[in-house]
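Chain residues, written in single-letter form:
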Amino acid sequence: MPLLLYAVACQHQPGVKTLPTEFQNDRIYLLPTTRDGQVVKFITDTGGGWNAIKRSVAEKLDPALLESADTMPFPHFADSQSIPNNSIFRNGNLVLVGDHELDEYVDGFLGGRWFGDKVWEFDYFQETLAQLNEYRARLNDSCEDVHLGFQVNSQGARTMHFPRMPIKIGSQTIDVLLDTGAKAQLTERGAGYFGLASGSSVGTSFISESIFEELRAQHPDWHVVQGAESVQQGQTFAMIEVPMVTVAKHSVGPVWFTIRPDTAFVEYMSSMMDQPVYGALGGSGLKYFRLILDYPSATAVFCID
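A short tour of the structure in this document, coming up.

What counts as what
Residues numbered from 1 in each chain as written. Predicted model: local features only at pLDDT ≥ 70, side-chain atom pairs only at ≥ 80, totals over all residues. Heavy atoms only, no water. Helix = DSSP H or I, 4+ residues; strand = E, 2+ residues; numbered from the N terminus. Rg over C-alpha atoms; globule rule 2.2 N^0.38 Å. Contact = heavy atoms within 4.5 Å. Lys, Arg positive; Asp, Glu negative; His and termini not counted. Charge placed at Lys NZ, Arg CZ, Asp CG, Glu CD. Buried < 20%, exposed > 50% of the residue type's maximum accessible area, 1.4 Å probe, protein only. Pairing = 2+ DSSP bridges.

### A few points about the overall build of the chain
Working step 1: Looking only at helices and strands, the chain features seven helices and 24 strands.
Working step 2: Whereas a compact globule of 305 residues would reach a radius of gyration of roughly 19 Å, the chain reaches 19 Å, a difference of no more than 12%.
Working step 3: Its C-alpha atoms give the chain principal-axis dimensions of roughly 60 × 50 × 45 Å.
Working step 4: Nonlocal contacts in the chain, meaning residues at least 24 apart in sequence, comprise 64% of its contacts between residues at least 6 apart.
Working step 5: Taking the average location of the 22 positive side-chain charges in the chain and that of its 36 negative ones, the two points are 3 Å from each other.

Here it is, written out as structure tokens:
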């Protein structure tokens, strides 16, 4: 079925709300339209810790916004081009105001707290993102589920809504963050492997440096691109192409992983997870699936139809 017809069909299925979505280089953007015709471009990220709108955009959406305000009500969008509100942020329907390291080409950011109390379908084949009320009818023989781990506080409530899951690389099973927003900004060298312009951002996955060194020693034939990703202050990181990764009994690949220092995941990210994680599975691996992410039941379903 052509993409446009598929999206329209999904929009009219009971219990399915297909959102105004754009996929670009395995990253997912939402483009809701306000009632007066303004399009607001959000990057989405299940591994992100905030929900934010740039101040310049917020002031256009709400001219009465105080200069000192650090939050605003979630914008109202036109019914036909809307997205769900931000129901779990500071016990109210609010969004942060400020740049918060947002890329220049987006207006806002939707992270784990925005996704965290709903059921979603990320269809990387049809390039759609939908909110679901019930999904049993959307399953088939290709679907395999994985239990997700979430950190909870002393009252049993989830903290950052960051999902942990296992994947298998080579002979190793490691726990990772399920991270739809993981990105790599490519250097000229890295861009050449993806057929993109230098400076382009792509959906990637991450692996801790110590795991990377083990993999490189065990598999010297695996392709490594030194200096493939550029970060702040001119620092660069390598990327490794893993031929096959096992996710929920499905073996898919190749999957590109960008290297990160152990402190980034084993220490920092793990402090917000229920158990230590050693990397993240992002768009470079998720692109092989139709992924249903059920936060209330702590389940991810990976379908390869």
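### Some points on the pairing of strand S21 (residues 255–260)
Working step 1: Across the six residues that make up S21, a large majority, six, are buried.
Working step 2: Going residue by residue along S21, you find Val255, Phe257 and Ile259 tucked away on one face and Trp256, Thr258 and Arg260 tucked away on the opposite face as well.
Working step 3: Where strand S16 (residues 205–208) and S21 come together, four bridges link them in parallel fashion. When the sheet's bridge partners are listed, Ser208 is paired in S21 with Arg260.
Working step 4: Note that strand S18 (residues 236–242) and S21 share four bridges and pair antiparallel. Bridge pairing in S21 links Val242 to Val255.

Interpretation in functional terms is not warranted from these geometric data alone.
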